[in-house]
2 protein chains.
Amino acid sequence: MQSLSVPDIIVGRLPLYLRALSHMISEGQEITSSQDLGERLGISSAQIRKDLSQFGEFGKQGTGYNISFLIDQLRKILHVDRIWDVVLVGAGDLGRAVANYRGFLERGFRIIGVYDNDPKKVGQPIGDFVIEEPSRMMEKIRQDRIEIAMLAVPSAAAQEAAENLVEAGVRAILCYAPTSLKVPKDVRVQYIDPVLHLQRMTYYVP
Amino acid sequence: MQSLSVPDIIVGRLPLYLRALSHMISEGQEITSSQDLGERLGISSAQIRKDLSQFGEFGKQGTGYNISFLIDQLRKILHVDRIWDVVLVGAGDLGRAVANYRGFLERGFRIIGVYDNDPKKVGQPIGDFVIEEPSRMMEKIRQDRIEIAMLAVPSAAAQEAAENLVEAGVRAILCYAPTSLKVPKDVRVQYIDPVLHLQRMTYYVP
């Protein structure tokens, strides 16, 4: 099913396809085509066919894709045919928004703890959680073999927090701090920095 | 300075270069090289040289880049050698985190108003702002010719909000809702959806 040689740029589009297909099925649609999907996403149908062909044959010429089947296949490919437990580090405004966000579970992720090194925050409620101290985080990651973390701490604290996460066993970090983390090569990092997106758009708005 | 034919994938890396260079200068560094910058970012030095060469000649062989000069050039290329006024739509948990985030101004963006259609929220404080109703937003965008918006509303409300923004004159939208917006071709949209990033990583974590 999975080829290690697939370019990351293609891997990066699969979650987008999965999200659009899930919207379609929630609207009662059962069959789609690369044209239909492409129109929703602003991606060419040729690109979509080419991307999906990297992983197998999911539709028949002329009859399109069975949405439910394609969703199942994409979930398997992306390894979200299971639920991943995730730790959230940082309980500021952004951490609170992340902790309260209801959209993770149905797409494969469950926050299982929120951690902050501010003694004033430890013990306070946040969403459905109570904020815990970092030493508890290290225990939890080790005990439950947590592999994914979301990092919502200030930039100045991000590198140290990332090193602790990696030391405890985390292998994938979603970093909300506007900085670049140095991590071992076998650890994946993805970044969310709204300003990068804004600046990418102002290039086109003279 | 600007070539319209530069691929968007290259444009998308420029803000990353700008961010890393700004970190360097804040640490007192004055000169860098494509190797040095590449190591910080996990991007090859050849890629960085190739990307920058699309826009001009910014360094000399053997002496590297003057960081301050390169920052100025990148700011001009990305049109963030000015401050852009931005409206924020949606005053939930995420809107609150965005409104309170202190990292926009120094990188070219100033939130000038926060809007929500929930009558219970209108009039309440959020960060340094008071939440206003959408009709005020439309006036503000038109009067001040605001071109950029951040959309932090639930998915179900995102399309309608986007249409209102575009009708009033907005040409670039940063969308935090996990959905794909349909907008006219001359309107840019960038998306922030943490689950897309998480699923892109779980592909690699078997």
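These numbers come from a predicted model, not from an experiment.

Engineer: Please give an account of the pairing of strand E9 (residues 172-175) of chain B that cites residues and values.
Structural biologist: All names here are of chain B. Of the two faces of E9, the one carrying Ala172 and Leu174 and the one carrying Ile173 and Cys175 are both buried. With four bridges joining them, strand E8 (residues 148-151) and E9 adopt parallel strand pairing. Within the sheet, the bridge partner assigned to Ala149 lies in E9 and is Ile173. In terms of handedness, the path from E8 via helix H7 (residues 155-168) over to E9 forms a crossover that is right-handed. Bridge count between E9 and strand E10 (residues 188-191): four bridges; the pairing is parallel.

Engineer: Explain the domain arrangement of chain A residue by residue, including any values.
Structural biologist: Taken domain by domain, chain A consists of domain 1 (8-77) and domain 2 (84-196). In this structure, domain 1 of chain A and domain 2 of chain A have C-alpha centres spaced 31 Å apart.

Engineer: Which residues make up the packing of helix H1 (residues 8-26) of chain A against helix H2 (residues 34-41) of chain A, and what values do they have?
Structural biologist: All names here are of chain A. Where H1 meets H2, the closest approach of the two axes is 10 Å, and the angle between their N-to-C directions is 105 degrees. In terms of orientation, H1 and H2 fall into the roughly perpendicular class. Where H1 abuts H2, its residues Leu16, Tyr17, Ala20, Leu21, His23 and Met24 lie against Asp36, Leu37, Arg40 and Leu41. A per-class count over the contact of H1 with H2 returns seven nonpolar, one polar and two charged.

Engineer: Provide a residue-level description of the sheet that holds strand E3 (residues 64-66) of chain B, including the pertinent values.
Structural biologist: Taken in spatial order, the three strands make up an open sheet running E1-E3-E2 (chain B), and their pairing is antiparallel. In the strand order of this sheet, the two ends are held by strand E1 (31-32) and strand E2 (59-60) of chain B, each with one partner.

Engineer: Report on helix H7 (residues 155-168) of chain A, specifying residues and quantitative values.
Structural biologist: Residues and elements named next belong to chain A. Here H7 is 14 residues long and its end C-alpha atoms lie 21 Å apart, about the 20 Å a rise of 1.5 Å per residue gives. Those residues of H7 not exposed but buried are Ala158, Ala161, Ala162, Leu165, Val166 and Ala168. Summarising the contacts, the buried residues of H7 are in contact with strand E4 (84-89), helix H6 (134-144), strand E8 (148-151) and strand E9 (172-175). At the C-terminal side of H7, Gly169 shows a positive phi close to 130 degrees.

Engineer: Outline the pattern of salt bridges, supporting the account with residue identities and numerical values.
Structural biologist: Within this structure, the stated rule accounts for 26 salt bridges over all chains. The partner of Asp193 of chain B in a salt bridge is Arg19 of chain A, and the shortest N-O contact between them spans 2.8 Å. Highlighted residues: Asp193 of chain B in the loop between E10 and helix H8 (194-202) and Arg19 of chain A in helix H1, drawn from two different chains. For Asp193 of chain B, a relative accessible area of 2% gives the class buried.

Engineer: So, the interface of chain A and chain B: which residues are in play, and what are the values?
Structural biologist: Each partner contributes residues to the interface: chain A has 59 residues there, and chain B has 59 residues. Interface of chain A and chain B: buried area, both sides summed, is about 5,900 Å²; carbon and sulfur atoms make up 64% of it. Where chain A meets chain B, there are six salt bridges. One salt bridge connects Asp8 of chain A with Arg200 of chain B, and the closest N-O pair in it is separated by 2.7 Å. Put simply, chain A and chain B have 26 residue pairs in polar contact (both at pLDDT 80 or more) between them.

Engineer: With reference to specific residues and values, describe the packing of aromatic side chains.
Structural biologist: In this structure the tally under the stated criterion is six aromatic pairs over all chains. With a centroid separation of 6.3 Å and an interplanar angle of 85 degrees, the aromatic rings of Phe55 of chain A and Tyr203 of chain B are classed as edge-to-face. A residue pair is termed interchain when its members come from two chains, as with Phe55 of chain A in the loop between helix H3 (45-53) and strand E2 (59-60) and Tyr203 of chain B in the segment after H8. The residues Phe55 of chain A and Tyr203 of chain B share a single accessibility class, namely buried. Within the aromatic cluster, the residues linked to one another by ring pairs are Phe55 of chain A together with Tyr203 and Tyr204 of chain B. One cation-aromatic arrangement involves Arg188 of chain B over Tyr204 of chain A; the distance from NZ or CZ to the ring centre is 3.5 Å.

Engineer: So what about the sheet that holds E4 of chain A? Which residues, and what values?
Structural biologist: Sheets are built from strands paired through backbone hydrogen bonds, the pairs being either parallel or antiparallel. Residues and elements named next belong to chain A. The strand order E5-E4-E8-E9-E10 describes an open sheet built from five strands, whose pairing is parallel. Sheet topology places strand E5 (109-115) and strand E10 (188-191) at the edges, where each strand pairs with a single neighbour. Shown here is a sheet whose adjacent strand axes are inclined to one another by a mean of 25 degrees, direction ignored.

Engineer: Mind laying out helix H4 (residues 67-77) of chain A, listing which residues take part and the relevant values?
Structural biologist: Residues and elements named next belong to chain A. By the burial criterion, the buried members of H4 are Ile67, Leu70, Ile71, Gln73, Leu74 and Ile77. With its buried residues spanning 165 degrees around the axis, H4 presents them on a single face. The inward-facing, buried residues of H4 abut H1, strand E1 (31-32), H3 and strand E3 (64-66).

Engineer: Quick rundown of the side chain of Ser34 of chain A? Include the residues and the values.
Structural biologist: Residue and element names in this part refer to chain A. Relative to the helices and strands, Ser34 resides in helix H2. Polar contacts involving the side chain of Ser34 include one to the side chain of Gln35, which spans 3.5 Å. Among all residues touching Ser34, those that are not within four sequence positions of it are Ser45, Ile48, Arg49 and Tyr65.

Engineer: An account of the packing of helix H1 (residues 8-26) of chain B against helix H3 (residues 45-53) of chain B is requested, with residue identities and associated values reported.
Structural biologist: All names here are of chain B. The geometry of H1 relative to H3 is characterised by a closest axis approach of 10 Å and an angle of 110 degrees between their N-to-C directions. Looking at the two axes, H1 sits roughly perpendicular to H3. Between H1, through Ile10, Arg13, Leu14 and Tyr17, and H3, the contact on the second element is made entirely by Gln47, Ile48, Asp51 and Leu52. Residues of the contact of H1 with H3, tallied by class, amount to five nonpolar, one polar and two charged.

Cut-offs applied
Here, residues in each chain are numbered from 1, in the same order as that chain's written sequence. To read the labels, note that chains go from A and ligands from 1, taken in the order they are written. Reporting in this predicted model follows two pLDDT cut-offs: at least 70 for local features of residues, and 80 or more for side-chain atom pairs to be given and counted; totals over whole chains, interfaces and linings ignore these cut-offs and use all residues. Remark: hydrogens and water are excluded; side-chain values derive from all non-hydrogen atoms of the structure. Exposure is judged per residue with a 1.4 Å probe applied to protein chains only, and the accessible area is read against the type maximum: over 50% gives exposed, under 20% gives buried, and values in between give partly exposed. Under the scheme used here, helices are H or I runs from DSSP no shorter than 4 residues and strands are E runs no shorter than 2 residues, and both carry numbers assigned from the N terminus. The pairing criterion is simple: DSSP has to find at least two bridges between the two strands. We call a crossover right-handed when, viewed with both strands directed away from the observer, the connection leading from the first strand over the helix to the second proceeds clockwise. Each domain's extent is set by a domain assignment, obtained either automatically or from a database. Whenever a helix is involved, its axis is fitted only over the stretch in contact; in every case the axis is a line through C-alpha atoms, and angles between N-to-C directions fall within 0 to 180 degrees. Working rule for angles: under 35 degrees goes down as roughly parallel, over 145 as roughly antiparallel, 65 to 115 as roughly perpendicular, anything else as oblique. A contact between two residues is defined here by any heavy atoms of the two lying within 4.5 Å. Three classes are used: nonpolar for Ala, Val, Leu, Ile, Met, Phe, Trp, Tyr, Cys and Pro, charged for Asp, Glu, Lys and Arg, and polar for all others, with Gly counted as polar. Helices are assigned an expected span. That span is 1.5 Å times one less than the residue count. Think of a salt bridge as a Lys or Arg side-chain nitrogen and an Asp or Glu carboxyl oxygen that are within 4 Å of each other. Two parts placed together each lose some accessible area; with a 1.4 Å probe, that loss summed over both constitutes the buried area. Polar contacts, as counted here, are pairs of nitrogen or oxygen atoms within 3.5 Å of one another; within protein the pair requires one atom able to donate a hydrogen and one able to accept it, and residues that are adjacent in sequence qualify only if both atoms are side-chain atoms. A pair of aromatic rings is counted whenever rings of Phe, Tyr or Trp (Trp by its six-membered ring) have centres within 6.5 Å, and the orientation is called stacked for planes under 30 degrees apart, edge-to-face for over 60 and tilted otherwise. We count a charge as sitting over a ring when the NZ of a lysine or the CZ of an arginine lies within 6 Å of the ring centre and within 35 degrees of the ring normal. Each C-beta atom gives one direction from the helix axis, and the arc is the one those directions make.

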